Amino acid sequence: FDIEAKDRDVTVTGLRSASSPGLNWGKGGEVRVQIFTTEGSSRGRELQPELWKKVGESESVRLPLVSWVDTEPEYGPLPLASPVTVPAGKRYGFLVHTNDLYGIVHSVGVGAGGEIDFLDDDDGPQPFRAGQPVSENEEVAVVCGNAMGAQIFQEFDGVSMPQPGGFVGVVQYTVG
């Protein structure tokens, strides 16, 4: 996903998210988490590791389990090692990878009970499209990226990937 700073610099000080209930058959558990950033959008850079900088890592992160039907989800901290400043008017790509496909949740854009057309010939699942805002306010936009699959910086054979996905959780930041 991308984070876009609008009129002023935005410093990302933390990321909070959750694991999918599919992790360990609903029992949850610890996952390895790596976080990377790239200057500019993440789109088109998913398979180019030389364009990314690692900004966080932990071998054992235990996140709360969150389902698309949860009306009051809880999120846990991701291992961001140091703040990341996104200059005004710019986008930075963020890549959060776990060692399990269910290690972190993402959204295709429909909440509990919603309808979605999974067979779109143009860009895959809808309504989120990679490059479009998932959430925004007057200071910052969180922009849909692509979920690539099990292996970091590698294509995922045998499954319809990449899949547009919005970050699910909380972006903690300061302005200025």
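What you see is a predicted model; the values in this text were computed from it and never measured.

Attention now moves to the packing of aromatic side chains. Per the counting criterion, the structure on display carries two aromatic pairs. Judged by centre distance (5.6 Å) and plane angle (15°), the rings of Phe1 and Phe94 are stacked. Here the residue Phe1 occupies a position in the segment before strand E1 (2-5), and Phe94 occupies one in strand E7 (residues 91-98), the gap between them amounting to 93 residues. The class of Phe1 is buried, set by a relative accessible area of 10%. Clustering of aromatic rings is evident, with ring pairs tying together Phe1, Phe94 and Phe167.

The full count for this structure, using the stated rule, is six salt bridges. One salt bridge connects Asp2 with Arg91, and the closest N-O pair in it is separated by 3.8 Å. Highlighted residues: Asp2 in strand E1 and Arg91 in strand E7, separated in sequence by 89 residues. A residue is classified by how much of its surface remains accessible, and Asp2, at 0% relative accessible area, is buried. Exposure remark for Arg91: the relative accessible area of 25% places this residue in the partly exposed category. For Glu59, the salt bridge is made with Arg32, and the minimal N-O distance between the two is 2.9 Å. Taken together, the residues Glu59 in strand E4 (residues 53-62) and Arg32 in strand E3 (residues 30-39) connect sequence positions 27 residues apart. Taking relative accessible area as the criterion, Arg32 reaches 27% and is therefore assigned partly exposed. Here the residues in one salt-bridge network are Arg32, Lys54, Glu57 and Glu59, joined through shared partners.

Here the focus is the sheet that holds E1. The six strands are arranged E4-E3-E7-E1-E10-E9 in an open sheet whose pairing can be described as antiparallel. Whereas interior strands pair on both sides, the edge strands pair on one side only; in this sheet they are E4 and strand E9 (133-136). When the angles between neighbouring strand axes are averaged without regard to direction, this sheet yields 20°. Relative to strand E10 (residues 140-143), E1 runs antiparallel, the two being bridged by four bridges. Bridge pairing links Asp2 to Val143 in E10.

With seven of its eight residues buried, E7 lies for the most part within the structure. With three bridges joining them, E1 and E7 adopt antiparallel strand pairing. Its bridge partner being in E7, Asp2 is matched across the sheet by Gly93.

The subject of this paragraph is the environment of Gln172. Examined against the element boundaries, Gln172 turns out to sit in strand E13 (residues 170-175). Residue Gln172 is classed as partly exposed on the basis of its relative accessible area, which comes to 34%. Taking the C-alpha atoms as reference points, Gln172 and Thr11, separated by 161 residues in sequence, lie 8.5 Å from one another. In this structure Gln172 touches Thr11, Val12, Thr13, Gly14, Leu15 and Arg16, once residues within four positions along its chain are discounted.

So, how was this worked out
- For every chain, the first residue of the written sequence is number 1, and numbering continues from 1 along that sequence.
- In keeping with the model being predicted, local features are shown solely for residues with a pLDDT of at least 70 and side-chain atom pairs are shown and tallied solely at 80 or more, while totals for entire chains, interfaces and linings include all residues.
- Note: side-chain values were computed over all heavy atoms of the structure, leaving out hydrogens and water.
- Each Phe, Tyr or Trp ring (for Trp, its six-membered ring) is paired with any other whose centre lies within 6.5 Å, and the angle between the two planes then decides the class: stacked below 30 degrees, edge-to-face above 60, tilted in between.
- Every helix listed is a DSSP run of H or I at least four residues long, and every strand listed is a run of E at least two residues long, numbered separately from the N terminus.
- Per-residue accessibility, obtained with a 1.4 Å probe over protein chains only, is compared with the maximum for each type, and a residue is labelled buried under 20%, exposed over 50%, and partly exposed between these values.
- The working definition used for a salt bridge is a side-chain nitrogen of Lys or Arg within 4 Å of a carboxyl oxygen of Asp or Glu.
- At least two bridges found by DSSP between two strands is the condition for calling them paired.
- Lines fitted to C-alpha atoms define the axes, with helix axes restricted to the stretch in contact, and inter-axis angles between N-to-C directions lie between 0 and 180 degrees.
- Contacts are residue-level and defined by heavy atoms, with any inter-residue pair within 4.5 Å sufficient.

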